[in-house]
Amino acid sequence: MPSLSTTSVVTALRAAGCVFAEDEAKLILTTARTPDEAAAMVDRRVAGLPLELVLGWAEFAGLRITVEPGVFVPRRRTEFLVEQALATVPGARVVVDLCCGSGAVGAALAVSLDAAELHAADIDPAAVRCARRNIAPHGGQAHEGDLFAALPARLRGRVDILAANVPYVPTGEVPLLPSEARDHEPLVALDGGTDGLDVLRRVAAEAPAWLAPGGCLLVETSERQASLALDIFRRSGLTAHTAVSEELYAHMVIGTRS
């Protein structure tokens, strides 16, 4: 089969409604190993599969993170969580990536924290398999289970950075999400309950017992949820504040065990 031309790929992607057709065409053509594979990738993208799942990877914090069908794709805005974690506890020795999805946050933290002990956990078996591939090169361990129940008990009271990218979309708003998320990502990674904060409440309630003195819990929220999430953190006994990145449109709550 002859090689696809960049022009033909761009034309096909643009006709399918891809806004960044030129950039996507370049990524597909440089990722594909054969012309047949490139053609199949274009077909999958035209059919509506998210670009990251077509490629098999997503760029996050300068890393290529492996992603697979049925696994939450890391968002650019979550790079802000990584930045804030490193700024809050720059010498962290024990890191936990809770609700880890692909393990992108844990992998990015491990790169900046030389020799930190890294653990990632998720309730979704597909996410755990994917995370294991992404954090194993950094010496990380991935665990399957419901929040803290998945973690080794020996981590209690020792965690310096607890990054929990919990689901925070209110149940009633899930049908309003873009089709790439709604149709291709697991509901458990999106649906945060009636007000979107059910999982956040559970994490905040247990976090103080797992954090080391001076350790921090970092959670992403929406702008309108931030004040309520802040109150939840404080009621759990954490010293808490919000952080915002206007550039990435990212809103976070950071709680520290005093």
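Structure first, text after, so check above.
All values derive from a computational prediction rather than experimental measurement. (Residues numbered from 1 in each chain as written. Predicted model: local features only at pLDDT ≥ 70, side-chain atom pairs only at ≥ 80, totals over all residues. Heavy atoms only, no water.)

Undergrad: If you had to explain the pairing of strand β1 (residues 57-60) to someone new, which residues and values would you point to?
TA: As defined by bridge partners, β1 adjoins strand β2 (residues 63-66) across 4 bridges and the pair is classed as antiparallel. When the sheet's bridge partners are listed, Glu59 is paired in β2 with Arg64. Once β1 ends, the chain turns through 2 residues before running back antiparallel as β2, passing Ala61 with a positive phi of about 50°. (Pairing = 2+ DSSP bridges. Helix = DSSP H or I, 4+ residues; strand = E, 2+ residues; numbered from the N terminus.)

Undergrad: Run through the packing of helix α2 (residues 21-31) against helix α3 (residues 35-46), naming residues and quoting values.
TA: Interaxial distance between α2 and α3 falls to 9 Å at its minimum, and their mutual angle equals 145°. As for how α2 packs across α3, the hand of that crossing is right-handed. Contact with α2, carried on its side by Glu24, Ile28, Leu29 and Thr31, involves Ala38, Met41, Val42 and Arg45 of α3 and no other residues of that element. Grouping the constituent residues of the contact of α2 with α3 by class yields 5 nonpolar, 1 polar and 2 charged. (Axes fitted to C-alpha atoms, helices over the stretch in contact; angles between N-to-C directions. Left-handed = near helix turned anticlockwise from the far one by under 90°. Contact = heavy atoms within 4.5 Å. Nonpolar A, V, L, I, M, F, W, Y, C, P; charged D, E, K, R; others polar.)

Undergrad: Give me the environment of His143: which residues, what numbers.
TA: By secondary structure assignment, the location of His143 is in strand β5 (residues 141-144). What His143 contacts, discounting residues up to four positions off in sequence, is His119, Ala120, Ala121, Asp122, Val128, Ala150, Leu151 and Pro152.

Undergrad: Quick one: what's the story with the packing of aromatic side chains, residue by residue and with numbers?
TA: As enumerated under the stated definition, the model contains 1 aromatic pair in all. Summarising the aromatic geometry, the rings of Phe148 and Trp210 are spaced 5.5 Å apart at their centres and angled 20° between planes, so their arrangement reads as stacked. Taken together, the residues Phe148 in the loop between β5 and β6 (159-164) and Trp210 in helix α9 (residues 198-210) connect sequence positions 62 residues apart. Under the relative-accessibility criterion, Phe148 is labelled buried at 2%. Across the ring face of Trp57, the terminal group of Arg64 is positioned such that the distance to the ring centre comes to 3.8 Å. (Phe/Tyr/Trp six-rings, centres within 6.5 Å; stacked < 30°, edge-to-face > 60°. Buried < 20%, exposed > 50% of the residue type's maximum accessible area, 1.4 Å probe, protein only. Lys NZ or Arg CZ within 6 Å of the ring centre and 35° of its normal.)

Undergrad: A description of the pattern of salt bridges should follow, citing residues and the corresponding values.
TA: Applying the stated rule across the entire model yields 16 salt bridges. Between Arg77 and Glu220 there is a salt bridge, with the nearest N and O atoms lying 3.1 Å from each other. Here the residue Arg77 occupies a position in the loop between β2 and α5 (79-88), and Glu220 occupies one in strand β7 (residues 211-221), the gap between them amounting to 143 residues. The exposure class of Glu220 is buried, given its relative accessible area of 2%. Between Arg224 and Glu173 there is a salt bridge whose closest N-O contact spans 2.4 Å. Residue Arg224 is located in the loop between β7 and α10 (226-235), and its partner Glu173 is located in the loop between β6 and α8 (179-182); the two are separated by 51 residues in the primary sequence. Look at Arg224 and you get exposed, because its relative accessible area is 55%. On the basis of relative accessible area, Glu173 is assigned to the partly exposed category, the value being 30%. Residues joined by salt bridges that share partners form a network here, namely Glu24, Arg45 and Glu180. (Salt bridge = Lys/Arg side-chain N within 4 Å of Asp/Glu carboxyl O.)

Undergrad: Got a sec to walk through the side chain of Ser245? Specific residues and values, please.
TA: Position of Ser245 among the secondary structure elements: in strand β8 (residues 239-245). Exposure remark for Ser245: the relative accessible area of 10% places this residue in the buried category. Leave out the neighbours within four places in its chain, and Ser245 touches Phe80 and Ala250.

Undergrad: Before we move on, can you summarise the pairing of strand β4 (residues 117-122) with the specific residues and values?
TA: The buried fraction of β4 amounts to 5 of the 6 residues, a majority that puts the element mostly inside the structure. Pairing between strand β3 (residues 94-98) and β4: 5 bridges, direction parallel. Considered in β4, the bridge of Asp97 is made with Ala120. Taken together, β3, helix α6 (residues 104-112) and β4 form a β-α-β motif whose crossover is right-handed. Bridging between β4 and β5 involves 4 bridges; their strand directions are parallel. Bridge pairing in β5 places Asp122 opposite Glu144. (Right-handed = clockwise from strand over helix to strand, strands pointing away.)

Undergrad: Residue-level account of unusual backbone geometry, with values.
TA: In this structure, Leu147 takes a positive phi of about 50° despite not being glycine. In this structure, Leu147 sits in the loop between β5 and β6. A relative accessible area of 7% means that Leu147 is categorised as buried. Positive phi is not limited to glycine here, since Tyr249 has a value of about 50°. Among the secondary structure elements, Tyr249 is positioned in the loop between β8 and β9 (250-256).

Just distances and angles here, no functional claims.
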